[in-house]
Amino acid sequence: MFDVIIAGCGPTGAMLAAELRLHDVRVLVLEKDTEPKSFVRIVGLHIRSLELMAMRGLLERVLRHGRQRPAAGFFAAIPKPAPKGLDSPYAYLLGIPQPVIERLLEEHALELGAQVRRGCAVAGFEQDDEGVTVELADGEQLRSRYLVGCDGGRSTVRKLLGVGFPGVPSQTETLMGEMEVGVSQEEIAAKVTETRETHQRFWLRPFGAGVYSVVVPAAGVGDRAEPPTLEDFKQQLRAIAGTDFGVHSPRWLSRFGDATRLAERYQAGRVLLAGDAAHIHPPIGGQGLNLGVQDAFNLGWKLAGQIRGWAPETLLDTYQAERHPVAEDVLDNTRAQMELLSAEPGPRAVRRLLTELMDFDEVNRYLIEKITATGIRYDFGEGPDLLGRRLRDIDVKQGHLYALLHRGRGLLLDRTERLTADRWSDRVDYLADPTAALDVPCVLLRPDGHIAWIGDDQQDLDDHLSRWFGKPAG
Ligand SMILES: Cc1cc2nc3c(=O)[nH]c(=O)nc-3n(C[C@H](O)[C@H](O)[C@H](O)COP(=O)(O)OP(=O)(O)OC[C@H]3O[C@@H](n4cnc5c(N)ncnc54)[C@H](O)[C@@H]3O)c2cc1C
């Protein structure tokens, strides 16, 4: 009997497993693939995800494997510099191969004691009042108290759960791959500049060792099960850029669509959904993996509280209440960005106008904060603007605030030195620091780093500790 079975060891599943292990929850991750993925797609980790890595002591590890780039040019690939005053010490983009970030997160989960079984596909399940019986493709049955589907956009768990996945099917498809080219760098640079004036979904970028990353619109929406051929790339390059650049020796070839879909519910009984299993959208802006990892961060401590028995009755419900609107917003902004990549005259005019508007720093910052998830404010009720927002990694007397969050517990940061969270000390840490770089007297941080309370009154604080962390121990 496990506490939680997670279907899928992608970035979302691995992050969730690690978050649950911080609270000693018995976790089993079932992954259908026998080996980690071999394709080398570079994904961008945005500011909020880098902050999450810092909060769990993973940032150094992750930085060693990626390349830092300015936090700029994300929104519809409009080439503007980073806005001024981005409110984070981690205000950059980290480009990192997806298999590497997956491996690092899986290693982190294993180090914390999660079990991962590869070559095990979840094929069915049944839930009752006490738990879930999970059936694998080979007929083996396993039992857990909860099941979380982190099994990607075609999620078996979501389908078996009967949760609707409404949205818009793909209207366009894009070919993407890595290959060698047969012409000079100068020729490529000139053609790319000329072609991108009208075709924003076209790119040839050097990837190192003579290999180029090639992105070009597909001829139509095809059968997703059929991988594209090198000939498909050549034809489309000729149609769009007037030359096929002599491409040859592909490393890998793939295609992606622009379908946007959002699960109607993130939870039904003892079964939950997270990551691509709950939402899909075009990859423009590079938000999908970030969104999934952040879902896991939001869900982990709440599900752990439920299993450990201290969670207030409605805590787990806040997972959907908080994360569903965030995904809705990502679906919207990616849809808007896809429009802005269109070669049609109307969208091109809107793109020119938005490009001008982004010269206003406020507009530029608003869009970057949207994509990097640093602008998120959960609805915790009436209160100062900081309430419900993340707290940046401020300086505290021991050094950096995030270094105090590695264990995934709540934190009362008290500049008044007269409040206490002692009765919740099994779940919430306490730091008295009159020098903390905050302009409010005291904040209560949730394990995901969002501000759950601001004030200086002990009774009000106790009410909020109970709201988020349940009844005090004993
Ligand atoms: C071209 C492209 C570029 C992208 N660039 C970015 C980017 O720059 N930044 C970004 O944030 N995102 C990016 N994304 C999106 C990102 O890749 C996904 O959002 C991310 O992989 C989702 O992670 P996940 O763990 O939720 O799902 P997945 O990565 O799909 O993982 C699901 C896992 O579940 C397993 N599985 C499936 N079914 C079962 C089953 N029945 N039982 C057990 N296991 C199962 C799968 O084998 C897989 O390992 C990009 C996507 C594309 C297509």
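Each value, and the rule that gives it
Residues numbered from 1 in each chain as written. Predicted model: local features only at pLDDT ≥ 70, side-chain atom pairs only at ≥ 80, totals over all residues. Heavy atoms only, no water. Phe/Tyr/Trp six-rings, centres within 6.5 Å; stacked < 30°, edge-to-face > 60°. Helix = DSSP H or I, 4+ residues; strand = E, 2+ residues; numbered from the N terminus. Buried < 20%, exposed > 50% of the residue type's maximum accessible area, 1.4 Å probe, protein only. Lys NZ or Arg CZ within 6 Å of the ring centre and 35° of its normal. Near = heavy atom within 4 Å. Polar contact = N/O pair within 3.5 Å; in protein donor to acceptor, adjacent residues only side chain to side chain. Areas by Shrake-Rupley, 256 points an atom, 1.4 Å probe, with all protein chains shown as cover. Nonpolar A, V, L, I, M, F, W, Y, C, P; charged D, E, K, R; others polar. Salt bridge = Lys/Arg side-chain N within 4 Å of Asp/Glu carboxyl O. Pairing = 2+ DSSP bridges. Axes fitted to C-alpha atoms, helices over the stretch in contact; angles between N-to-C directions. Contact = heavy atoms within 4.5 Å.

Caption draft 1: Geometry of the packing of aromatic side chains. Under the definition given, this model contains seven aromatic pairs. Ring geometry for Y90 against Y402: centres 6.4 Å apart, planes inclined by 20°, an arrangement best described as stacked. Remark: Y402 occurs in the loop between β20 (399-400) and β21 (410-414) and Y90 occurs in the loop between β4 (67-70) and β5 (92-97); sequence separation between them is 312 residues. Comparing Y90 with Y402, the two get one shared label, buried. Taken together, the ring pairs connect W301, W310 and F469 into an aromatic cluster. Between R205 and the ring centre of W203, over which it is positioned, the NZ or CZ distance is 4.2 Å. Lying over the aromatic face of W468, R446 brings its terminal NZ or CZ to 4.9 Å of the ring centre.

Caption draft 2: Local environment of the site of the ligand. Near the ligand, the surroundings consist of 30 residues, among which E31, R41, Q98, L289 and N290 are the closest. The contact in question runs from an oxygen atom of the ligand to an N or O atom on the backbone of G288, over 3.3 Å. Within the backbone of L289, one N or O atom sits 2.7 Å away from an oxygen atom of the ligand. For the ligand, whose free accessible area comes to 1,000 Å², the fraction covered by protein is 87%. The set of elements that each furnish at least two residues to the shell around the ligand consists of α1 (11-21), β2 (27-31), β3 (42-45) and α8 (288-308). Here the element with the most residues in the shell around the ligand is α8; it accounts for three residues. Among the residues forming the shell around the ligand, the class breakdown is 11 nonpolar, 12 polar and seven charged.

Caption draft 3: Region of interest: the pattern of salt bridges. Tallied over the entire structure, the rule returns 33 salt bridges. Of the charged contacts in the structure, one is a salt bridge between E140 and R117, with a shortest N-O distance of 2.9 Å. Of the two residues, E140 sits in the loop between β8 (132-136) and β9 (141-149) while R117 sits in strand β6 (residues 115-118), which places them 23 residues apart along the sequence. Between E231 and R238 there is a salt bridge whose closest N-O contact spans 3.4 Å. By sharing partners, the salt bridges in this structure join R48, E51, D87, R390 and R392 into a single network.

Caption draft 4: Spotlight on the side chain of E173. Here E173 lies in strand β11 (residues 173-180). Judged by its relative accessible area of 1%, E173 is buried.

Caption draft 5: How the structure looks around the pairing of β21. Most of β21 sits out of view: five of its five residues are buried. Residues G410, L412 and D414 point to one face of β21 and L411 and L413 to the other, with burial holding for every one of them. Here four bridges tie β21 to strand β23 (residues 442-445), and the two strands are oriented antiparallel to one another. Within the sheet, the bridge partner assigned to L411 lies in β23 and is L445.

Caption draft 6: Examining the sheet that holds β5 more closely. With antiparallel pairing, the three strands of this open sheet are ordered in space as β3-β5-β4. Taken across any chain shown, the strands that pair with only one partner, and hence form the sheet edges, are β3 and β4. Each strand axis lies, on average, 35° off the axis of its neighbour in the sheet, ignoring direction. Its contacts with the sheet place helix α4 (residues 98-111) against β3 and β5, and it is angled at close to 90° to β5.

Caption draft 7: Unusual backbone geometry, seen in detail. Here S249, not a glycine, exhibits a phi torsion of approximately 50°, which is positive. In this fold, S249 is placed in strand β14 (residues 248-257). Overall, the relative accessible area of 35% leaves S249 in the partly exposed class. A positive phi angle, near 65°, is found at E417, a position not held by glycine. Among the structural elements, E417 can be located in the loop between β21 and β22 (428-432). By relative accessible area, which is 49% here, E417 ends up partly exposed.

Caption draft 8: Molecular detail of the sheet that holds strand β24 (residues 451-454). The strand order β22-β21-β23-β24 describes an open sheet built from four strands, whose pairing is mixed. Of all strands in the sheet, those bounded by a partner on one side alone are β22 and β24. Neighbouring strand axes in the sheet, compared pairwise and without regard to direction, differ in orientation by 15° on average.

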